[in-house]
Amino acid sequence: MTSERLIIQILQVSRILTPKTGLPTPITRGCGLKIISYERISSTNTKAKTLAEKQAADWTVVTSEVQTQGRGRSGRSWKSPKGGLWFSLIIRPRIHVDRISLLQFLFANALRKGIEEVYGVQSEVKWPNDLVVEWKKLAGILIETKLSGPELVYAIVGIGLNVNLTAEQLPTGATSIFLVKKKRFSLEKTLGSMLTVLERHYETLRDESAVVDEWWKHCAHRMKPVIIETGNSRIPGKCVGVNPDGSIIIQTEQGNVTVPDGTLRLDA
Ligand code: BT5
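Cut-off values and rules
Residues numbered from 1 in each chain as written. Predicted model: local features only at pLDDT ≥ 70, side-chain atom pairs only at ≥ 80, totals over all residues. Heavy atoms only, no water. Helix = DSSP H or I, 4+ residues; strand = E, 2+ residues; numbered from the N terminus. Buried < 20%, exposed > 50% of the residue type's maximum accessible area, 1.4 Å probe, protein only. Pairing = 2+ DSSP bridges.

Enquirer: I'd like a rundown of unusual backbone geometry, residues and numbers included.
Expert: Of note, the amide linkage connecting tryptophan 127 to proline 128 takes the cis form, showing an omega dihedral of -5°. Phi is positive for glutamine 55, which is not a glycine, with a value near 65°. When you line up the elements, glutamine 55 lands in the loop between α1 (44-53) and β3 (60-67). Exposure remark for glutamine 55: the relative accessible area of 62% places this residue in the exposed category. Positive phi, normally seen in glycine, also occurs at methionine 223, with a value near 60°. Tracing the chain through its elements places methionine 223 in the loop between α5 (208-217) and β9 (225-229). With a relative accessible area of 42%, methionine 223 lands in the partly exposed category.

Enquirer: So what's going on with the pairing of strand β7 (residues 136-148)? Residues and values would help.
Expert: Bridge analysis of strand β6 (residues 130-133) against β7 gives four bridges, and the strand direction is antiparallel. Directly across from valine 132, in β7, lies its bridge partner lysine 137. What sits between the antiparallel neighbours β6 and β7 is a turn of two residues, in which glutamate 134 has the positive phi angle 45°. Note that β7 and strand β8 (residues 151-161) share 10 bridges and pair antiparallel. For leucine 147, the partnering residue across the bridge sits in β8 and is leucine 152.

Such coordinate-based values are descriptive only and should not be taken to indicate function.
What follows is the structure in structure tokens.
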């Protein structure tokens, strides 16, 4: 048997999200979290997508102890042995397609805060979707979306956080909460706490500049020399900002260049 359902749990989050004065519709309807847990599954993002297609509710969460085919961006793989938090949220925010990229900054901010509050670990954000501690990757986020014209139908927010993993279980250049704190945490309890923090941050999606400012304030490579590698080019320069559309701004000898996607390295 490759996948086994363990528990379906409802975690009632304490707050109902309400619209701020003057704004027409709430981003969410207010929600209880339904958590669907597996022992072993190919990818929580893939499973969440199937459930979203079957009209699963906003803030349904799919988690698995092990992923056999955990996914990163652009077909890369994500190592997911037992000991990490591997989960995906189905969200249906009422936002225009132009604002989808903000989700990546919003969830990175929320995850950074959750890691600080729940595990007592200070991390920084790294473009486009990582959480790092001293340049070692602690967590990654994979956001996949379905659109209908200018509307977002749903987004799957996949989060991989190395909690109790040892150095032998991790790829080079990665770290875990265990390696930083020298202690292990209950995955079940900390998932509940992390989800509460994520939900609390969700409403900040309304405020585009606050989301981007918060991200930039905690950016590991703010105003530092970096190299951005894209499919066919390598752009060295100083990182001088990010845009709400998810792109990064690099100051080069030829002027500022805006790069929509790629992999960032420090130019040591
Ligand atoms: C990411 O991709 O960082 C997004 C990772 C998202 C994983 C979650 S787990 C739950 C959900 N279900 C899924 O199937 N996926 C999501 P990217 O920026 O492309 O980084 C991928 C690269 O990170 C790999 O090529 C490795 O170099 C490295 N890597 C792989 N596993 C890692 C791990 N456990 N910790 C740190 N780095 C890792």
